[in-house]
Amino acid sequence: MTTTPPGPGTQTTSAATVEGEGTSPWPALFALCMGFFMILVDMTIVTVATPDIMRELDAEVNSVVWVTSAYLLAYAVPVLITGRLGDRFGPKRLYLTGLTVFTLASLWCGLTGTVEDLIAARTFQGFGAAMMAPQTMAIITRIFPAARRGQAMSLWGATAGVATLVGPILGGVLVGSLGWEWVFFVNIPFGIVAFFLAMKLVPSLPTHQHSFDWLGVALSGVGMFCLVFGIQEGHQYDWGTITGVITVWRLIILGLVVLAIFLFWQSRNRKEPLVPLRLFRDRNFSVSNVAISTMSFAITAIGFPFMLYAQLVLGMSPTEAAMLLVPMAIMSIVLAPPVGKLIDRVHPRNITTIGFLAAAGGLLWTSLMMEPGASAWDFVLPMALLGAGSAAVWAPLTATATRNLPLNLAGAGAGVYNTTRQVGAVLGSAAIAVLMDARLAKHLPGVSASPEASMGQALPSAVHDPFSLAMSDAMLLPPAMLLVGLVAVLFFTAPTHDRT
C-alpha cells in the first residue's frame, strides 16, 4: 500500500509500504540491532578495563575517568540534533555514517599510546553512537506497520536492556584474556559486518525537506552540554569549582536556563522546531520518556556499588564479579520474545507495572543479600528477578513511546526518547556516587567510593561489615527510582494503531 503525499514536508511512504511490496522488514531490524547493541555495550565495557588502562598508559584516575565520561558526553549531547538530521538526510545514510565513525574510532582507541589520545578517540566514538542510536528507532517506526511494531520494538528494547548488562561481562573476559585494547578492537569486525548488513538489508527511506532550526540546534547543544557535563563530573570536582569562577552548580543552572530558553523558542518557532512540542501531547510518549529515564537511571547506578562490593568484600576478580550479572542477562534474553508477542495485545500499563515491580523487587532483594558472608549463588534468584522485570520494561516502553506518533516525526521522537534515556543514565551515575560516599562516611569514615577504590585488592576483613552495609544502603536508591517509573506507567492509555 502506498499513500499519496498530502503536501511538502510530510511522510511520503507508510510503514506498511515495505511489507506490502513483499519485503520483510525483519532482516533490517536484526541488522540495526547489531549496531545498536555495539554502541550500548561500549557505555559499560570500559569500566572493567580501567585498572589496566591506568597501568599501561601511566595515567591518573581522573584522566581515566574521562575515557568513559567523554564517550557518554559525546553520545548524550547531540542526540536531539542527530535524530532530526535523520529525517532530513535519511536515517539509513546517517546510521551508516555514524557506524563508520564509531568503528574507525574503535580502531583508534585500541592503537592509542596515551590517555589523551584515548579520550579523543572515545569522543569520536560517542559522536558516532549519537548518529546511530535515534536512526535505529526511527527506521523501525517507519518500516513496520503499527499492528506489528510492538514485536519489533520489543527486540530493540531488549537489545538496549541486554547490552547494558553484557558490557561488564564481555569487558571482564576480554581484559582477562587478551588485554584492555580488545574492548575496542572487538568492535571492528562487528562494525564491518553491521555496515554491510545495513547496506544490504536496511531500506533507503524518503527524506523530508525540513527548514532546519539552527537556533534550536545551538541552544539544545549548549544546554545539554552544560547540564550533562555538570551532572556527570560533579562528583569528581566534589560539587565545587571546576575552573576559575565556573562551579559545578553554576554550570548545571546555566544548562537548565539555556534548555528553558530552548523550550520557549520551540514553542514560538512557527516553522519547523528541532523538537516539536506536539510530541508531548501524546500522553504515552510523555509517560514513556519519564519511565525510561528511571529505568536507565537504575540500571546504570547498580553497577558501581554492586561491583565494588563483589570485588572488595567477596574478593572476586572483575570477570567473576561481572558474571554475577549473567542470570539477569539470561532472563532478559529468554523473556524478550514472549514479551514482544504480548506488547501488541496487552495494555502497556499491565506489562510495565509488572516489570517495574519485579525489577524493584530484584534490586531490593539484592541489597538485602549484600553481606560479607554471601556467595555467588545467593544472587542468582534476585538477579534473575531483575532480568525478568527488565524484559517487561525496556521493550514495552520503547514500543509504546512511538506507537501513536506521526511517521514524519519519527526522527524527532526517537531523538527525544534516546536523549531522555541517556540523561537518566548520567543522573544515575552521578547520584549513586554521591550516595555511596555519604553512606561510607557514615559507616566507614575515611574511605571513599572514588574510582581508586576499585584498584585495590579485597578489603581487610575488619571493615567488611561496614563497607557491605554502605554499599547495601546505596543499592536502595535504584529501586526507589523505579517506583517513580511505576507511578508514571500507571498513566498509560490504550494505544491506537491508525497513524498517519
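Note that the coordinates shown come from a computational prediction; the quantities given were computed from them, not determined experimentally. (Residues numbered from 1 in each chain as written. Predicted model: local features only at pLDDT ≥ 70, side-chain atom pairs only at ≥ 80, totals over all residues. Heavy atoms only, no water.)

Chemist: Please clarify how the overall build of the protein chain should be interpreted in this entry.
Modeler: A count of helices and strands for the protein chain gives 21 helices and two strands. On C-alpha atoms alone, the protein chain measures out to a radius of gyration of 22 Å, which is about the 23 Å that the 2.2 N^0.38 rule sets for 500 residues. In terms of principal-axis extent, the alpha carbons of the protein chain reach across some 75 × 50 × 40 Å. In the protein chain, buried positions account for 59% of the 500 residues. In the protein chain, of all internal contacts separated by at least 6 residues, the share reaching a separation of at least 24 is 84%. (Helix = DSSP H or I, 4+ residues; strand = E, 2+ residues; numbered from the N terminus. Rg over C-alpha atoms; globule rule 2.2 N^0.38 Å. Buried < 20%, exposed > 50% of the residue type's maximum accessible area, 1.4 Å probe, protein only. Contact = heavy atoms within 4.5 Å.)

Chemist: Help me understand the domain arrangement of the protein chain in this model?
Modeler: In terms of domains, the protein chain is made up of domain 1 (23–212) and domain 2 (278–499). In this structure, domain 1 and domain 2 have C-alpha centres spaced 20 Å apart. Facing 43 residues of domain 1, the contacting portion of domain 2 comprises 42 residues. Counting the surface lost from both domain 1 and domain 2, the interface buries some 3600 Å², and carbon and sulfur atoms represent 74% of this. Where domain 1 touches domain 2, the interface holds zero salt bridges. Elements with a contribution of two residues or more to the side of domain 1 that touches domain 2: helix 2 (26–41), helix 3 (50–56), helix 4 (61–76), helix 5 (79–89), helix 7 (115–143) and helix 8 (146–177). Among the elements that make up the side of domain 1 that touches domain 2, the one with the highest residue count is helix 8 (20 residues). Looking at side-chain class alone, the side of domain 1 that touches domain 2 contains 28 nonpolar, 10 polar and five charged residues. (Domains from an automatic or database assignment. Buried area = accessible area lost by both parts, 1.4 Å probe. Salt bridge = Lys/Arg side-chain N within 4 Å of Asp/Glu carboxyl O. Nonpolar A, V, L, I, M, F, W, Y, C, P; charged D, E, K, R; others polar.)

Chemist: Could you clarify how one ought to interpret helix 11 (residues 214–233) in this entry?
Modeler: The terminal C-alpha atoms of helix 11 lie 28 Å apart, and with 20 residues this matches the ideal 28 Å at 1.5 Å per residue to within 8%. Taking burial as the measure, the 20 residues of helix 11 include 15 buried ones, the bulk of the element. (Expected span 1.5 Å × (residues − 1).)

Chemist: Looking at this model, I keep getting lost on the environment of V186. Mind explaining?
Modeler: Within the fold, V186 resides in the loop between helix 9 (182–185) and helix 10 (187–201). Its relative accessible area of 17% is what places V186 among the buried residues. Taking the C-alpha atoms as reference points, V186 and A321, separated by 135 residues in sequence, lie 21 Å from one another.

Chemist: What is the right way to look at the packing of helix 7 against helix 19 (residues 410–443) in this model?
Modeler: Helices that pack against each other are described as a pair by the angle of their axes relative to one another and the distance between those axes. Look at helix 7 against helix 19: their axes get within 8 Å of each other, and the N-to-C directions meet at 135 degrees. By the angle class used here, helix 7 and helix 19 are oblique. Our pair here, helix 7 against helix 19, has a crossing hand that is right-handed. Two secondary-structure elements touch here, helix 7 through A133, P134, M137, A138, T141 and R142 and helix 19 through A410, G411, A414, G415, Y417 and N418. For the contact of helix 7 with helix 19, the class distribution of residues is seven nonpolar, four polar and one charged. (Axes fitted to C-alpha atoms, helices over the stretch in contact; angles between N-to-C directions. Parallel < 35°, antiparallel > 145°, perpendicular 65-115°, else oblique. Left-handed = near helix turned anticlockwise from the far one by under 90°.)

Chemist: Sorry, what's going on with the side chain of T82 here?
Modeler: Structurally, T82 is set in helix 5. According to the relative accessible area criterion, T82 is buried, its value standing at 5%. Within the structure, the side chain of T82 is placed 3.2 Å from the backbone oxygen of V79, a separation counted as a polar contact. Only 2.6 Å separates the side chain of T82 from the backbone oxygen of A130, close enough to count as a polar contact. Setting aside its immediate chain neighbours within four residues, T82 contacts L94, A130, M131, P134 and Q135. (Polar contact = N/O pair within 3.5 Å; in protein donor to acceptor, adjacent residues only side chain to side chain.)

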